[in-house]
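Here are the chains, one letter per residue:
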Amino acid sequence: MTRRLPLFALALSLALSLFAACGVTPGQPATAELFLAHSTGTFTTSLGWRVTLREARLVIGSLYLYAPEGDTMARLAPWDLPGLGVSVAQAHGGVDPFGSRQVRLEWLGPESLDLLATEPTALGAMDGSVGPSTDATLAFETLAGELASATAPNHGHHAWIAGTASRTVEGVAESLAFEGGLDVAIGGTENLIEAIASDAEVVSSGRWTLGVDVARWLDAAHFERLAGDTDPRTLTPTSQPSIAWNLGLRDPMTIHLSYAPTLAD
């Protein structure tokens, strides 16, 4: 009994160091490059407004792609520590800070996106592990530094748009210019866009493309309700177009993610 105690202590020390490091992840890693796709800046809303955007910016903080619910992602080692019945996880993709879900891949920003850029924009690397992905969460962060400046391309807001809207009602044409910013509340789940479809089989190397449907942002906007007689009219936080924009931006259907492997496993 007394001779087994040092072995027990050694095993326990080893177990604690392995778990504390959380580096016990020798499973197959995966990487991917994240790109931003071009968004269409001219569209017609369901209310009949023909909108042409000259600016559309979005500042995102992070992107988490999840494994399926119940996915183990962690394989147990074939050995147990003496007398403890404890096994060591061999692979996992990480755990997200919002719902303790297994993260397949993650991208960390922040990044100011020019949604109207005519060419795909490289946003950087994503890291995680091989396996299926089902859905994603896009998170916003508190703006700081240049991103919080009114002189930045995003004008110090999480989202910024500027453009014109026109329509004809009973033969009468009307047109107006507009611009404004949208700020996302940070805290709880208010700064998250959840349940974004990201169904894919992630392999060791690939490419994800992120698209934002700005037409969906403004589909329910009543531009005629914008106050003012001179252009551009301002999208104030309490105006109906801003409220519609806020709801549209938070709709997970406005975010599109697609995946293409670049290396066969």
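For the structure itself, consult the block above.
This write-up is about the structure you can find in this document. All figures in this text were calculated on a predicted structure; none of them were measured in a lab. (Residues numbered from 1 in each chain as written. Predicted model: local features only at pLDDT ≥ 70, side-chain atom pairs only at ≥ 80, totals over all residues. Heavy atoms only, no water.)

### Quick word on the overall build of the protein
Counting its secondary structure elements, the protein contains three helices and twelve strands. Out of the 265 residues belonging to the protein, those deemed buried represent 42%. Long-range contacts, defined here as pairs at least 24 residues apart, represent 78% of the contacts in the protein between residues at least 6 apart. For the protein, the accessible surface area stands at approximately 13400 Å², while carbon and sulfur atoms represent 57% of it. (Helix = DSSP H or I, 4+ residues; strand = E, 2+ residues; numbered from the N terminus. Buried < 20%, exposed > 50% of the residue type's maximum accessible area, 1.4 Å probe, protein only. Contact = heavy atoms within 4.5 Å. Areas by Shrake-Rupley, 256 points an atom, 1.4 Å probe, with all protein chains shown as cover.)

### Observations regarding the nonpolar core
As a rule of thumb, soluble globular proteins bury nonpolar side chains together. Counting residues in each nonpolar core, the largest one holds 50 residues, and the members touching the most others are Leu53, Phe178, Trp208, Trp217, Leu218 and Phe223. Tallying contributions element by element places strand β3 (residues 50-66) first for this core, with seven residues. Dropping the residues within four chain positions of it, Trp217 is found in contact with Arg57, Leu58, Leu115, Ala159, Ile161, Val212, Ala244, Trp245, Gly248, Leu249 and Thr254. (Core = buried A, V, L, I, M, F, W, Y, C linked by side-chain atoms within 4.5 Å.)

### A closer look at the pattern of salt bridges
Pairs can form between side chains of opposite charge once their charged atoms are near each other. In the structure shown here, the tally under the stated rule is eight salt bridges. Notably, a salt bridge pairs Arg167 with Glu174, separated by 2.7 Å at the nearest N-O pair. The salt bridge involving Arg233 is made with Asp231; its shortest N-O contact spans 3.7 Å. Residue Asp231 is classed as partly exposed on the basis of its relative accessible area of 44%. The network of salt bridges with shared partners includes Arg54, Glu55 and Glu179. (Salt bridge = Lys/Arg side-chain N within 4 Å of Asp/Glu carboxyl O.)

### A few points about the packing of aromatic side chains
Under the counting rule described, the total for this entry stands at four aromatic pairs. Ring centres of Trp49 and Phe223 lie 5.6 Å apart, and the angle between their planes is 70°; on these two criteria the pair is classed as edge-to-face. In this pair, Trp49 is assigned in the loop between β2 (42-44) and β3 and Phe223 in the loop between α2 (214-217) and β11 (233-234), connecting sequence segments 174 residues apart. Both residues of the pair, Trp49 and Phe223, count as buried. The interplanar angle of 35° and the centroid separation of 4.9 Å between the aromatic rings of Phe178 and Phe223 together place this pair among those described as tilted. A residue pair is termed long-range when its members are at least 10 positions apart, and Phe178 in strand β8 (residues 172-182) and Phe223 in the loop between α2 and β11 qualify at 45 residues. Residues Phe178 and Phe223 agree in their burial class; the two are buried. Feature note: the residues Trp49, Phe178 and Phe223 constitute an aromatic cluster, connected by ring pairs. (Phe/Tyr/Trp six-rings, centres within 6.5 Å; stacked < 30°, edge-to-face > 60°.)

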